[in-house]
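A closer look at the structure
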Amino acid sequence: MKRVRAEVLSTRKMGAYHQLTVVAPEIAEKARPGQFVSIRMPTGREFLLRRHLAIHDASRRGGWAGTLEFVIDPTGPGTAWLASARAHSFLDVIGPLGKGFAHPRRLTNCLLVAERHGAATLYFLAQELVATGKRVDMVVGAETMEQVLKPIEAKRLSQTVAIVTADGTLGDRGAVMDALPEAADRSGAQVVYAAGSARTLEYVAAFCRERGLPAQMALEERMGCGTGLCQTCVVPIARKDGSGYDNLRSCVDGPVFNPARVLWDRWLGERPTMLPTPPEGLPVTRSWPG
Ligand SMILES: Cc1cc2nc3c(=O)[nH]c(=O)nc-3n(C[C@H](O)[C@H](O)[C@H](O)COP(=O)(O)OP(=O)(O)OC[C@H]3O[C@@H](n4cnc5c(N)ncnc54)[C@H](O)[C@@H]3O)c2cc1C
C-alpha cells in the first residue's frame, strides 16, 4: 500500500458518471481487480473522512503507463467534489487497498453481474479474465440509460451482454435479477462475479446458492479509515468450520467476499431495498443456512 500525490491526468463525463484518470505508477503497478483506493477530501466539516473508490483500470504498460482510472457516481459531497476535479490538480491517494477477486483456475465460464457503478470494478476484472483465456458474459443494469456504465465496453469484453434498465431506456426493462437466470443458462456460467447495491447482491447470492454456483462479490460497506483500524466497515462472515461468524473488516479482509458466507440478514438488517419486490420464484436469503 502506498500514499501518493497523484496528478489528475483527465476527467470525462460519461452519462451519469465521471471518469477520473490519475498518474500513480506505484499504485497502478500493484493494483488488482476488486481493490480500491482512499482519497483525501478538502478541509471542511462534511469531509472529515477520506472517500473510497474502486479501481476501474490500471495501466502498467504503453503510453498511459502508471495511470489509474476511477468511475465517480456523484451521490454526495465527496463524490461531487471528485467529479469536479480539474486536470493537473493533485489528489492524495492511498492504495491499492483490500483484497481483490480471485481468479478461477479450472472454471472457465465467468458470468459478471454489474449494477450501476459496480461495473467499474467488474470491467477491470473482465479484462484480466479474458487475457487468461476465460469466457466472460455479462449482465449490466441500472435505473436509467445514463447510469449504464460503458455498454460498448461491456460488449467488447464479453461473449454476450444483457443490459437492463428500470425505466426501459436501454436494453430490457427490469433489474439485473430479471436477466440473471437466462444469462446463466446461455453462458453456461460456472462462476459468478458481482458488484452493485447490497440488496441486489443479496438476490444474486440467493440465486447462486440455489444453482450451486460459486461466486465472489465486491461489497461496498460504509468505510471510515479504509486501512483496518476503525472497524466501521465490518461484515458478518460465517466461519468455514460452521462454529459461528466473525465481523470481518471489508477494507482489509474484503471488499470481495464469498457471498455464501455472508450473513445477509445480520448484515443488512432493515436497510431499505432498491428492489420493490423479490423476483418471482426466488426466495430471498434472510438467514444463514446452517
Ligand atoms: C470499497 C468501496 C468502493 C467504492 N467504489 C466506488 C466507486 O467506484 N465509485 C463511486 O462513486 N463510489 C464508490 N464507493 C462509494 C463511495 O465511497 C461512498 O458512496 C461515499 O460515501 C461517497 O461519498 P460522498 O461524500 O459523495 O457521499 P456521502 O455523503 O458519504 O453519501 C452519499 C449517500 O450515500 C449513502 N452511503 C454512503 N456510503 C454508503 C454505503 N456504503 N452503502 C449505502 N449507502 C451509502 C449515504 O448515507 C448518503 O445517502 C465505494 C465504496 C467502497 C467502500
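Residues numbered from 1 in each chain as written. Predicted model: local features only at pLDDT ≥ 70, side-chain atom pairs only at ≥ 80, totals over all residues.

Take the sheet that holds strand β8 (residues 109-115) next. Across the sheet, which stays open at both edges, the seven strands sit in the order β11-β10-β9-β8-β12-β13-β16 with mixed pairing between neighbours. The open sheet has two edge strands with one neighbour each: β11 (172-173) and β16 (256-257). Bridge analysis of strand β12 (residues 191-195) against strand β13 (residues 215-218) gives four bridges, and the strand direction is parallel. Paired with Tyr 193 across the strands is Gln 216, a residue of β13. (Pairing = 2+ DSSP bridges. Helix = DSSP H or I, 4+ residues; strand = E, 2+ residues; numbered from the N terminus.)

As a further point, take the domain arrangement of the chain. Once the domains are mapped, the chain shows domain 1 (2-97) and domain 2 (102-216). A C-alpha centroid distance of 24 Å is found between domain 1 and domain 2. Contacts between the two partners involve 12 residues from domain 1 and, on the opposite side, 12 residues from domain 2. In terms of residue class, the side of domain 1 that touches domain 2 is made up of seven nonpolar, three polar and two charged. (Domains from an automatic or database assignment. Contact = placed C-beta atoms within 7 Å. Nonpolar A, V, L, I, M, F, W, Y, C, P; charged D, E, K, R; others polar.)

Turning our eyes to something else, we now look at the nonpolar core. In this structure, Leu 112, Val 113, Leu 180, Val 192 and Val 204 are the most contacted members of the largest nonpolar core, which totals 82 residues. Among the elements that take part in this core, helix α3 (residues 119-131) stands out by supplying eight residues, more than any other. Residue assignment places this core across two domains, with domain 1 (2-97) and domain 2 (102-216) each supplying three or more. Residues contacting Val 204, with those up to four places away along its chain left out, are Val 113, Met 177, Leu 180, Val 192 and Ala 194. (Core = buried A, V, L, I, M, F, W, Y, C linked by C-beta atoms within 7 Å. Buried ≥ 20, exposed ≤ 12 C-beta atoms within 10 Å, placed from the backbone.)

Turning our eyes to something else, we now look at the sheet that holds strand β4 (residues 51-54). Ordered in space as β4-β3-β7-β1-β2-β6-β5, the seven strands form an open sheet in which the pairing is antiparallel. The sheet is open, and its two borders are formed by β4 and β5 (57-59), each paired with just one other strand. Here the average twist between neighbouring strands, direction ignored, is 35 degrees. In this structure, strand β2 (residues 17-23) lies alongside strand β6 (residues 67-72), joined through six bridges in antiparallel fashion. (Axes fitted to C-alpha atoms, helices over the stretch in contact; angles between N-to-C directions.)

On to helix α5 (residues 176-187). Here α5 is 12 residues long and its end C-alpha atoms lie 15 Å apart, about the 16 Å a rise of 1.5 Å per residue gives. When α5 is considered as a whole, its buried residues turn out to be Val 176, Met 177, Ala 179, Leu 180, Ala 183, Ala 184 and Ser 187. End-on view of α5: buried residues confined to an arc of 140 degrees, all on one side of the axis. Among the residues trailing α5, Gly 188 stands out with phi positive, at a value near 60 degrees. (Expected span 1.5 Å × (residues − 1). Arc of directions from axis to C-beta.)

Now for the pairing of strand β3 (residues 36-39). Residue alternation in β3 divides its side chains into two sets, Phe 36 and Ser 38 and Val 37 and Ile 39, and both sets are buried. For β3 and β4, the ladder comprises four bridges, and the chain directions are antiparallel. Each residue of the ladder has a partner; that of Ser 38, found in β4, is His 52.

Turning our eyes to something else, we now look at the site of the ligand. Lining the immediate surroundings of the ligand are 21 residues, of which Ala 54, Asp 73, Gly 76, Gly 78 and Thr 79 lie closest. Across the shell around the ligand, the residue classes tally to 10 nonpolar, six polar and five charged. (Near = placed C-beta within 6 Å.)

The end-to-end C-alpha distance of α3 is 18 Å, a good match for the 18 Å that 13 residues give at a rise of 1.5 Å each. Buried within α3 we find Ala 119, Ala 120, Thr 121, Leu 122, Tyr 123, Phe 124, Leu 125, Ala 126 and Leu 129. With its phi angle positive at about 85 degrees, Gly 133 sits one or two positions after the end of α3.

Of note, Thr 108 is situated in the loop between β7 (90-97) and β8. A count of 15 C-beta atoms within 10 Å places Thr 108 in the partly exposed class. Sequence spacing of Thr 108 and Leu 149 is 41 residues, and the spatial spacing of their C-alpha atoms is 25 Å. When residues no more than four places from it in sequence are discounted, the contact partners of Thr 108 are Lys 134, Arg 135 and Gln 190.

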